[in-house]
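Geometric and topological summary
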Amino acid sequence: MKKVLILEDEVNIRSFVVINLKRAGYHAIEAGTGEEALDRLRDNPDIGVAILDIMLPDIDGFEVCRRIRATNKQIGIIMLTARTQEMDKITGLMTGADDYVTKPFSPAELTARIDALYRRLGGDMSADSELLAQGPFVMNTRNHTLEKSGSRVRLTQVEYAILKLFMQNPGRALSREEILSAVWGRDYEGELKIVDVNIRRLRIKIEDDTANPTYITTVWGFGYKWGA
Ligand code: CA
């Protein structure tokens, strides 16, 4: 059974999420503090998606996210953000989260996001076992790895999916809507900003000079273009 970690210190919200995860066919693993979440993850390396609340009694959700990402690039991470905290979304994504859900959220919305992350995690392992090579980059679409000039670049699943889309469409301007729908799914109702933040993160990892990106270039008022 697919395992999902829910880190939330408010018992009511946690139980609400657990009930809905079970209903959607997931095995829910609960944690009420950041340290507890990190313990659960150590005990259950097969957890595919983690949902992290931000305000917690010990370490905050951003720090939990950072610590998870330090050792685990594969797991999908969804932050639970408060409606008024616009900065939470950006901070969460910059610390390595793949997505965020704003409180109060509907069970359908949350499970749709988890389903999307799990789909990407499973990937299309046998469908395309090939190497995409452009400029200094070599992407192995079978084991989801990227090398730049022979050195491994560690990407999250979302970053990988965006870069794969670019490498499959070299030289073509892709609109932010197109990227959002290809990477997050057609039914995704999040904001376009999530694309920009992920591109920002991706540039930090792959560009020679982040201030003057040459691989992922901005197409003003439209989106981005891959030009390696
Ligand atoms: Ca909380």
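Residues numbered from 1 in each chain as written. Predicted model: local features only at pLDDT ≥ 70, side-chain atom pairs only at ≥ 80, totals over all residues. Heavy atoms only, no water.

1. A look at the pairing of strand β7 (residues 137-140)
Rules: Strand pairing is assigned whenever DSSP identifies at least 2 bridges connecting the two strands. Helix and strand assignments follow DSSP, with helices taken as H or I runs no shorter than four residues and strands as E runs no shorter than two, numbered in order from the N terminus.
Bridge analysis of strand β6 (residues 131-134) against β7 gives four bridges, and the strand direction is antiparallel. Along β7, the bridge assignment pairs A133 with V138. Two successive antiparallel strands, β6 and β7, enclose a turn made up of two residues, where G135 displays a positive phi of approximately 55 degrees. Two strands pair when backbone bridges link them, and β7 and strand β8 (residues 145-148) are joined in this way by four bridges, in the antiparallel orientation. Bridge pairing links M139 to L146 in β8.

2. Some details on the pairing of strand β11 (residues 216-219)
Both β11 and strand β12 (residues 223-226) contribute to a ladder of four bridges, which runs antiparallel. Considered in β12, the bridge of I216 is made with W226. As consecutive antiparallel partners, β11 and β12 are separated by three residues, and within that stretch G221 has a phi angle of approximately 75 degrees, a positive value.

3. Notes on the domain arrangement of the protein chain
Interface extent is often summarised as the accessible area lost during association of the parts. Under the convention used in this document: An automatic or database domain assignment provides the domain bounds reported here. Defined here as a combined quantity, buried area equals the accessible surface (1.4 Å probe) lost by two parts on assembly, summed across both. The salt bridge definition used is simple: a Lys or Arg side-chain nitrogen within 4 Å of an Asp or Glu carboxyl oxygen. A 3.5 Å cut-off defines polar contacts: any pair of N or O atoms within that distance qualifies, except that in protein one atom must be a possible hydrogen donor and the other a possible acceptor, and neighbouring residues in sequence count only when both atoms are side-chain atoms.
According to the domain assignment, the protein chain consists of domain 1 (3-122) and domain 2 (131-226). Roughly 1700 Å² is buried in total at the junction of domain 1 and domain 2, and carbon and sulfur atoms are behind 52% of that figure. Considering only the surface of domain 1 that becomes buried against domain 2, K73, M94 and R120 emerge as the three largest contributors, covering 37% of it. Here domain 1 and domain 2 share zero salt bridges between them. At the boundary of domain 1 with domain 2, the tally comes to two residue pairs in polar contact (both at pLDDT 80 or more). Listed by contribution, the elements that provide at least two residues to the side of domain 1 that touches domain 2 are α4 (86-94), β5 (99-103) and α5 (107-122).

4. Some thoughts on helix α3 (residues 61-71)
An α-helical turn contains 3.6 residues, so a residue and the one three or four places further along point in the same direction. Under the convention used in this document: Burial classification: accessible surface area is computed with a 1.4 Å probe over protein chains only, and a residue below 20% of its type maximum counts as buried, one above 50% as exposed, and the rest as partly exposed. Arc definition: directions from the helix axis to the C-beta atoms.
By the burial criterion, the buried members of α3 are G61, F62, V64, C65, I68 and R69. Looking down the long axis of α3, one finds its buried residues gathered within 160 degrees of arc, a one-sided arrangement. Across from the buried face of α3, at angles greater than 90 degrees, the exposed residues are A70 and T71. Capping the start of α3 is the job of one residue whose side-chain oxygen sits 3.0 Å from the backbone nitrogen of F62: D60.

5. Description of the nonpolar core
In plain terms, the rule: We call a set of buried residues a nonpolar core when its members are Ala, Val, Leu, Ile, Met, Phe, Trp, Tyr or Cys and they connect through side-chain atoms within 4.5 Å of each other.
Ranked by size, the top nonpolar core spans 71 residues in total, and within it I114, L163 and F166 carry the most contacts. The leading source of residues in this core is helix α6 (residues 157-168), at eight residues. Lining this core are residues from two domains, each supplying at least three of them: domain 1 (3-122) and domain 2 (131-226).

6. A few points about the packing of α6 against helix α8 (residues 193-206)
What describes two packed helices is the angle between their axes and the distance between those same axes. Condition: Axis geometry follows a simple rule: fit a line to the C-alpha atoms, using only the stretch in contact for helices, then measure angles between N-to-C directions, giving values from 0 to 180 degrees. If an angle is under 35 degrees, it is roughly parallel; if it is over 145, roughly antiparallel; if it lies from 65 to 115, roughly perpendicular; otherwise it is oblique. Here, two residues are considered to be in contact whenever any of their heavy atoms come within 4.5 Å of each other. Each residue gets one of three labels, nonpolar for Ala, Val, Leu, Ile, Met, Phe, Trp, Tyr, Cys and Pro, charged for Asp, Glu, Lys and Arg, and polar for the others, Gly among them.
Two elements in contact, α6 and α8, have axes separated by 10 Å at closest approach and are oriented at 80 degrees. One element, α6, and the other, α8, form an angle in the roughly perpendicular class. In this structure, α6 contributes V158, E159, I162, L163 and F166 to the contact, and α8 contributes N198, I199, R201, L202, K205 and I206. Residues that form the contact of α6 with α8 fall into these classes: seven nonpolar, one polar and three charged.

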